[in-house]
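# Structural characterization, general
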Amino acid sequence: MDQYKRLSQDFYNNDTLTVSKRLLGKRVVRNLNGVILEAMIVETEAYIGTIDAAAHSYRGMTDRNKIMWEDGGRLYVYQIYGMYFCMNVITEPRGTPAGVLIRAVEPLQNIDTMARLRKIDLSKTKPIALTSGPGKVCQALGISKADYGTNLIIDNNITITEYKDINQSQIAISPRINIDYAPEAAKNPWRFFIKDNPYVSRHKNNSRLF
DNA sequence: ATCAAGATTACCT
DNA sequence: GGTAATCTTGATA
């Protein structure tokens, strides 16, 4: 590791909306068999346990979502549509199920390896296609269900560190993406992203800045 | 045992 | 703008 500090247990054992905002500008460090992939978080969504009909934890504990009841700083990985994975950073102390979906990152190091994992030829396709969406993020960083439950505070395969200071004026807020199955919850402005960052997933909701 | 649905993406017109 | 791809999971019987 270099000069940037890992985020602490206290960082994660916190209010989910606060953690969602504070994760912007932080750096994901992924050790993939000795190859270090690094990327900055640029887009997040909060999923808030028992009050949020869009959250997997809303209807209680299952085999899939049980990690959400653990302490913050754990990794919740699930498969979607039979072919993609999504990664969530668990928040709040043990017993309170909540997490933050990492929707987009900006590649920083070993971008060629990310392109290979994404099966993208960077001479033909724009680099923003690499990591501008939750399924793309996991594919580019080689994250799958094998990483379910990773402890970001002590584990060496995946961690998150300080990186760039993002102030409030650089953060845009919108409703969350693709949660039509929970129309009431979809009204909550619980998506956060860095304004004008090219890696933020493109969507009509981007125009609604609070 | 069966079955519908999904915190998505790539590709098509 | 629209839709196919693809399969684990959770709910119901």
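Heads up: these notes are all about the structure in this document. On a predicted model such as this, the values are computed, not experimentally measured, just so you know. (Residues numbered from 1 in each chain as written. Chains lettered and ligands numbered in written order. Predicted model: local features only at pLDDT ≥ 70, side-chain atom pairs only at ≥ 80, totals over all residues. Heavy atoms only, no water.)

## As for the protein's contact with DNA strand C
Around DNA strand C sit Thr 62, Asp 63, Arg 64, Gln 79, Tyr 81, Gly 82, Met 83 and Lys 145, and that is every residue in its neighbourhood. The share of sugar and phosphate among atoms of DNA strand C within 4 Å of the protein is 65%. Between DNA strand C and Thr 62, the relevant distance is 2.4 Å, taken from a phosphate oxygen to a side-chain nitrogen or oxygen of the residue. Separating a phosphate oxygen of DNA strand C from a side-chain N or O atom of Lys 145 is a distance of 2.8 Å. (Near = heavy atom within 4 Å. Polar contact = N/O pair within 3.5 Å; in protein donor to acceptor, adjacent residues only side chain to side chain.)

## Section: the protein's contact with DNA strand B
What surrounds DNA strand B is a group of 20 residues, the closest being His 56, Tyr 78, Asn 88, Gly 135 and Asn 178. For DNA strand B, the fraction of protein-proximal atoms (within 4 Å) that sit in sugar or phosphate groups is 54%. One of the side-chain N or O atoms of Tyr 78 is found 3.2 Å from a base nitrogen in DNA strand B. Contact distances for DNA strand B include 3.1 Å between a phosphate oxygen and a backbone N or O atom of Lys 136. Of all elements in the fold, only strand 3 (75–80), strand 4 (84–90), strand 5 (98–109) and helix 4 (134–141) reach the threshold of two or more residues within the surface near DNA strand B. The residue makeup of the surface near DNA strand B, split by class, is 11 nonpolar, 6 polar and 3 charged. (Helix = DSSP H or I, 4+ residues; strand = E, 2+ residues; numbered from the N terminus. Nonpolar A, V, L, I, M, F, W, Y, C, P; charged D, E, K, R; others polar.)

## Quick notes on the nonpolar core
Ranked by internal contacts, the top residues of the largest apolar core, which has 40 residues, are Tyr 12, Leu 23, Ile 41, Ile 102 and Ile 160. The element that contributes the greatest number of residues to this core is strand 2 (residues 35–48), accounting for 5 residues. Excluding its chain neighbours within four sequence positions, the residues that come into contact with Tyr 12 are Leu 7, Val 19, Gly 72, Gly 73, Val 89, Ile 90, Thr 91, Glu 92, Leu 152, Ile 153 and Ile 160. (Core = buried A, V, L, I, M, F, W, Y, C linked by side-chain atoms within 4.5 Å. Buried < 20%, exposed > 50% of the residue type's maximum accessible area, 1.4 Å probe, protein only. Contact = heavy atoms within 4.5 Å.)

## Quick word on a nonpolar patch on the surface
On the surface, Tyr 81, Met 83 and Tyr 84 cluster together to form a nonpolar patch covering roughly 420 Å² of accessible area. Relative to the assigned elements, Tyr 81 resides in the loop between strand 3 and strand 4. Relative accessible area serves as the criterion here: at 70%, Tyr 81 is assigned to the exposed category. (Patch = residues over 30% accessible without salt bridge, like charges linked within 9 Å, V, L, I, M, F, W, Y side chains within 5 Å. Areas by Shrake-Rupley, 256 points an atom, 1.4 Å probe, with all protein chains shown as cover. Salt bridge = Lys/Arg side-chain N within 4 Å of Asp/Glu carboxyl O.)

## Digging into helix 4
Of all 8 residues that make up helix 4, 6 are buried, and the element is covered over most of its length. Of the positions making up helix 4, those classed as buried are Pro 134, Gly 135, Val 137, Cys 138, Ala 140 and Leu 141. Elements in contact with the buried residues of helix 4: strand 1 (27–32), strand 2, strand 4, strand 5 and helix 3 (111–117). Just downstream of helix 4, Gly 142 is the residue with a positive phi angle, here 65 degrees.

## Side note on the pattern of salt bridges
Inspection of the entire model under this criterion finds 11 salt bridges. Among the ionic pairs, Asp 121 bridges to Lys 124, the shortest N-O distance being 3.8 Å. Accessibility expressed as a relative area gives 35% for Asp 121, which makes it partly exposed. Between Lys 187 and Glu 184 there is a salt bridge, with its nearest N and O atoms 3.1 Å apart. The pair formed by Lys 187 and Glu 184 is uniform in burial state, with each residue classed as exposed. Put simply, Glu 43, Glu 45, Arg 103 and Arg 191 are held in one network by salt bridges that share partners.

## Some words on the side chain of Arg 118
Mapping Arg 118 onto the fold places it in the loop between helix 3 and helix 4. The charged side chain of Arg 118 is buried without a salt bridge, its nearest counter-charge being Asp 121 at 13 Å. Among the polar contacts made by the side chain of Arg 118, one reaches the side chain of Gln 139 at a distance of 2.7 Å. The residues touching Arg 118, leaving out its near neighbours within four places in the chain, are Ala 129, Leu 130, Lys 136, Gln 139 and Ala 140. (Lys, Arg positive; Asp, Glu negative; His and termini not counted.)

## Quick word on the environment of Asp 147
Structurally, the position occupied by Asp 147 is in the loop between helix 4 and strand 6 (158–161). Asp 147 sits in the buried class, given a relative accessible area of 9%. Taking the C-alpha atoms as reference, Asp 147 lies 8.4 Å from Ile 158; in sequence the two are 11 residues apart. The residues touching Asp 147, leaving out its near neighbours within four places in the chain, are Arg 30, Leu 75, Val 77, Gly 142 and Ile 158.

## A closer look at the pairing of strand 3
As judged from the 6 bridges shared by strand 3 and strand 4, these two strands associate in the antiparallel manner. Bridging across to strand 4, Val 77 finds its partner in Met 87. Counting the residues in the hairpin turn of strand 3 and strand 4 gives 3 residues, including Tyr 81, whose phi is positive at 55 degrees. (Pairing = 2+ DSSP bridges.)

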